Amino acid sequence: MISDRPAVMDASSIINIIASGRAEELLALVSNQILICTYVREKECLYLRSEDGTSVEAIGLEKWIEAGILQDCVLTLSEEEQFLIYASQVDDGEAMSLAIASMRGLTLITDDRKAQRLATLDGISVLSTPQIVYAWAATQNQAPVAEVLRAIEVRAKFRPSLDHPLSAWWLAARDH
């Protein structure tokens, strides 16, 4: 496991991981328990680009919840108070995920740079899509890794920023 504690995912990270086509494998490496805020599931994780990138399709996180891969959660009263603090700095989904991670001592999985910065400042452990895919890639041949990276780029329109520590690895592995 990458994280020794339960984790909470925001919308960007869930969309990126599902876009990979290998979500179950990737998430199995993260933690024994991965939460998603009901708001994020119902309002933000709705669509993903098709494999050819020309249309969108529904994500349908219910199947991931029914399979026990993700667990729905709602904010407690104290988390709602913490959410209000974060909401002045990031979007609602990131703010809710930050509040849950902060109050429950969870790892936050996000690709939002501002949310990552806030989490780090508040002592919250953070994981990103590149870190998760990198850990998975260590157990794979190069062909499926390149395929997963390209799928994330096409279907989720995500690529790590050039200053991300795994950016050079991502580009090299994708183009191999």
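Residues numbered from 1 in each chain as written. Predicted model: local features only at pLDDT ≥ 70, side-chain atom pairs only at ≥ 80, totals over all residues. Heavy atoms only, no water.

Draft legend 1. Spatial organisation of the overall build of the protein. Looking only at helices and strands, one finds 10 helices and seven strands in the protein. At 15 Å, the protein has a C-alpha radius of gyration in line with the 16 Å of a compact globule built from 176 residues. Its C-alpha atoms put the protein at 50 × 30 × 30 Å along the principal axes. The proportion of buried residues among the 176 residues of the protein is 49%. Sequence-distant contacts, at least 24 apart, represent 64% of the contacts inside the protein between residues at least 6 apart. (Helix = DSSP H or I, 4+ residues; strand = E, 2+ residues; numbered from the N terminus. Rg over C-alpha atoms; globule rule 2.2 N^0.38 Å. Buried < 20%, exposed > 50% of the residue type's maximum accessible area, 1.4 Å probe, protein only. Contact = heavy atoms within 4.5 Å.)

Draft legend 2. Structural detail: the side chain of Thr129. Its place among the elements puts Thr129 in helix H8 (residues 129-137). A distance of 3.5 Å separates a polar atom in the side chain of Thr129 from a polar atom in the side chain of Asn16. Once you skip the residues sitting within four places of it in the chain, Thr129 turns out to touch Ser13, Asn16, Ile17, Asp111, Ile152, Phe158 and Trp170. (Polar contact = N/O pair within 3.5 Å; in protein donor to acceptor, adjacent residues only side chain to side chain.)

Draft legend 3. A look at the environment of Leu35. On the secondary structure map, Leu35 appears in strand S2 (residues 34-37). Taking the relative accessible area as the measure of exposure, Leu35 reaches 6% and is therefore buried. Sequence separation between Leu35 and Leu108 is 73 residues, and the spatial gap between their C-alpha atoms is 9.7 Å. Residues contacting Leu35, with those up to four places away along its chain left out, are Ala7, Val8, Met9, Gln71, Cys73, Arg104 and Leu106.

Draft legend 4. Geometry of the environment of Ile34. Structurally, the position occupied by Ile34 is in strand S2. Taking relative accessible area as the criterion, Ile34 reaches 3% and is therefore assigned buried. In sequence terms Ile34 and Leu106 are 72 residues apart; their C-alpha atoms lie 9.3 Å from each other. In this structure, Ile34 is in contact with Ala7, Met9, Leu27, Ile69, Leu70 and Gln71, ignoring residues within four places of it in sequence.

Draft legend 5. Layout of a nonpolar patch on the surface. Together, Leu46, Tyr47 and Val56 make up a nonpolar patch on the protein surface, roughly 310 Å² of accessible area in all. Assignment of secondary structure puts Tyr47 in strand S3 (residues 47-49). (Patch = residues over 30% accessible without salt bridge, like charges linked within 9 Å, V, L, I, M, F, W, Y side chains within 5 Å. Areas by Shrake-Rupley, 256 points an atom, 1.4 Å probe, with all protein chains shown as cover. Salt bridge = Lys/Arg side-chain N within 4 Å of Asp/Glu carboxyl O.)

Draft legend 6. Looking closely at the pairing of S2. On S2, burial covers both faces: Ile34 and Ile36 on one face and Leu35 and Cys37 on the other are all buried. Relative to S2, strand S1 (residues 7-9) is paired through three bridges, and the arrangement is parallel. Residue pairing for S2: Val8 is matched across the bridge by Leu35. Bridge count for S2 against strand S5 (residues 71-73) is three bridges, and the pairing is parallel. From the neighbouring strand, Cys37 faces S5, where its bridge partner is Cys73. (Pairing = 2+ DSSP bridges.)

Draft legend 7. Unusual backbone geometry, seen in detail. Even without being a glycine, Lys157 presents a positive backbone phi close to 55°. With respect to the secondary-structure elements, Lys157 resides in the loop between helix H9 (142-156) and helix H10 (167-175). The class for Lys157 is exposed, based on a relative accessible area of 56%.

Draft legend 8. Highlighting helix H7 (residues 113-121). Considered for burial, the residues of H7 that qualify are Ala115, Gln116, Leu118 and Ala119. Down the axis of H7, the sector holding all buried residues measures 165°, keeping them to one side. For H7, the exposed residues set more than 90 degrees away from the buried face come down to Thr120 and Leu121. Residues of H7 that are buried make contact with helix H5 (77-87), helix H6 (92-104), strand S6 (107-109) and strand S7 (126-127). Sitting at the amino-terminal end of H7 is Asp112, which places a side-chain oxygen 3.1 Å from the backbone nitrogen of Lys114. (Arc of directions from axis to C-beta.)

Structural measurements only, silent on function.
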